[in-house]
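# A structural walkthrough
Listed here are the chains, written in short residue letters.
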Amino acid sequence: MKNKKLTFKKHAGNPEQAFVLIFDLEGFSKFFSQPDVYYYVAKYLNKTFQAMDILISGGEEFWSPDSEKNKKVQPFKEPVHIKFMGDGALYIWTYKPEEEKVFKAKLIYFINSLFNFSLWFDNFIKSCTDDVPVVDLPKKIRFGMASGSVHKLSYENSNDAEYIGYCINLASRLQSYCRDLGFIASARIGSEDKLLKQHNYHKVVAKKLRGLPNEIVIVDKGSYDDLDELIKNELFDEL
């Protein structure tokens, strides 16, 4: 059988405005190194992507604590691109200028759902134990979010495509920037300060992003306030 060559078309697509989300499962490598884990990897990942599908497309949060039982997630918007990245995934949404207002109106509720999922991830792990009876499951999920322009790279001999753009690199850096925070978003996503404060979010400056300039970011205020002062001072500046 002839080897398939990866060849892109000569020109990348025109820039499109996009919103990017990357998640990472902390401790996935340790989970994967356990004996006979290949019996359970797909089951665990399928359960994780089932939860992500609910967060994006709507449905009931099966990981909610007792005080939030039967909580419903409102649908956000279907992504144009999803890519599995080994210990996490990349999601990309593109939108036209005339869609921006509606898109960003839904964004704060999507952010809330993502943050709550990271906060209640222990409950999600408990929901996995019947199908995945393994001790060292990834115990934490981290989200990085950013917005900006992306370019589509289409393959020469298939309908598949990849995307490139600064905001993808930024989202990747943000998800791993402060491991004590499960959620960091670039302020470029465009949510208004008044709305962010209503939902208990706070803007600070991330000052040590590897290979990138300083960035104004959005964090959950309660989680940020709980950080050790040494970590805060090393990684962040107040506006």
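Look up a bit, the structure's there.
To start, this report covers the structure provided alongside it. From a predicted model like this one, the values you see are computed outputs, not experimental measurements.

By volume, the largest pocket is sized at about 190 Å³. Looking at which element gives the most residues to the lining of the largest pocket, the answer is helix 3 (residues 100-119), with six residues. Here the lining of the largest pocket is composed, by residue class, of six nonpolar, four polar and four charged.

Backbone geometry places N200, a non-glycine residue, at a positive phi of 70°. The residue N200 is located in the loop between helix 6 (193-198) and strand 9 (201-206) in this model. What makes N200 partly exposed here is its relative accessible area of 38%.

For the rest of this paragraph, the subject is helix 2 (residues 41-57). The end-to-end C-alpha distance of helix 2, which contains 17 residues, comes to 24 Å, matching closely the 24 Å that a straight helix rising 1.5 Å per residue would cover. Every buried residue belonging to helix 2 is among V41, Y44, L45, K47, T48, A51, M52, I54, L55 and I56, and all of these are buried. At the exit of helix 2 stands G58, carrying a positive phi of roughly 100°.

The next subject is the pattern of salt bridges. The tally for this structure, following the rule as stated, stands at ten salt bridges. E26 is the salt-bridge partner of R142, the closest N and O atoms lying 2.5 Å from each other. In this pair, R142 is assigned in strand 6 (residues 140-154) and E26 in strand 1 (residues 16-26), connecting sequence segments 116 residues apart. Linked through salt bridges whose partners overlap, the residues forming this network are D24, E26 and R142.

Before going further, it helps to spend a moment on the nonpolar core. In this structure, Y44 and F110 are the most contacted members of the largest nonpolar core, which totals 48 residues. Broken down by secondary-structure element, the contributors of at least two residues to this core are strand 1, helix 1 (28-32), helix 2, strand 5 (88-94), helix 3, helix 4 (121-128), strand 6 and strand 8 (183-186). The residues contacting Y44, other than those within four sequence positions of it, are L25, F28, F31, F121, F124, I125, C128, V132, L137 and P138.

Before going further, it helps to spend a moment on the pairing of strand 5. For strand 5, the tally of buried residues reaches seven of seven residues, placing the bulk of the element in the interior. Where burial is concerned, the two faces of strand 5 agree: the one with G88, L90, I92 and T94 and the one with A89, Y91 and W93 are both buried. Looking at chain direction, strand 1 and strand 5 are connected through seven bridges and run antiparallel. Bridge pairing links F19 to W93 in strand 5. Here strand 4 (residues 81-84) pairs with strand 5 via four bridges, running antiparallel. Looking at strand 5, one finds that I82 is bridged to Y91. Hairpin connection from strand 4 to strand 5: three residues lie between these consecutive antiparallel strands, with G86 at a positive phi of about 90°.

Calculation criteria
- Residues numbered from 1 in each chain as written.
- Predicted model: local features only at pLDDT ≥ 70, side-chain atom pairs only at ≥ 80, totals over all residues.
- Heavy atoms only, no water.
- 1 Å grid on protein atoms, 1.4 Å probe; cavity = no way out; pocket = protein on both sides within 12 Å on 5 of 7 lines; lining within 4 Å.
- Points joined across faces, edges and corners; volume = space filled by probe spheres on them.
- Helix = DSSP H or I, 4+ residues; strand = E, 2+ residues; numbered from the N terminus.
- Nonpolar A, V, L, I, M, F, W, Y, C, P; charged D, E, K, R; others polar.
- Buried < 20%, exposed > 50% of the residue type's maximum accessible area, 1.4 Å probe, protein only.
- Expected span 1.5 Å × (residues − 1).
- Salt bridge = Lys/Arg side-chain N within 4 Å of Asp/Glu carboxyl O.
- Core = buried A, V, L, I, M, F, W, Y, C linked by side-chain atoms within 4.5 Å.
- Contact = heavy atoms within 4.5 Å.
- Pairing = 2+ DSSP bridges.

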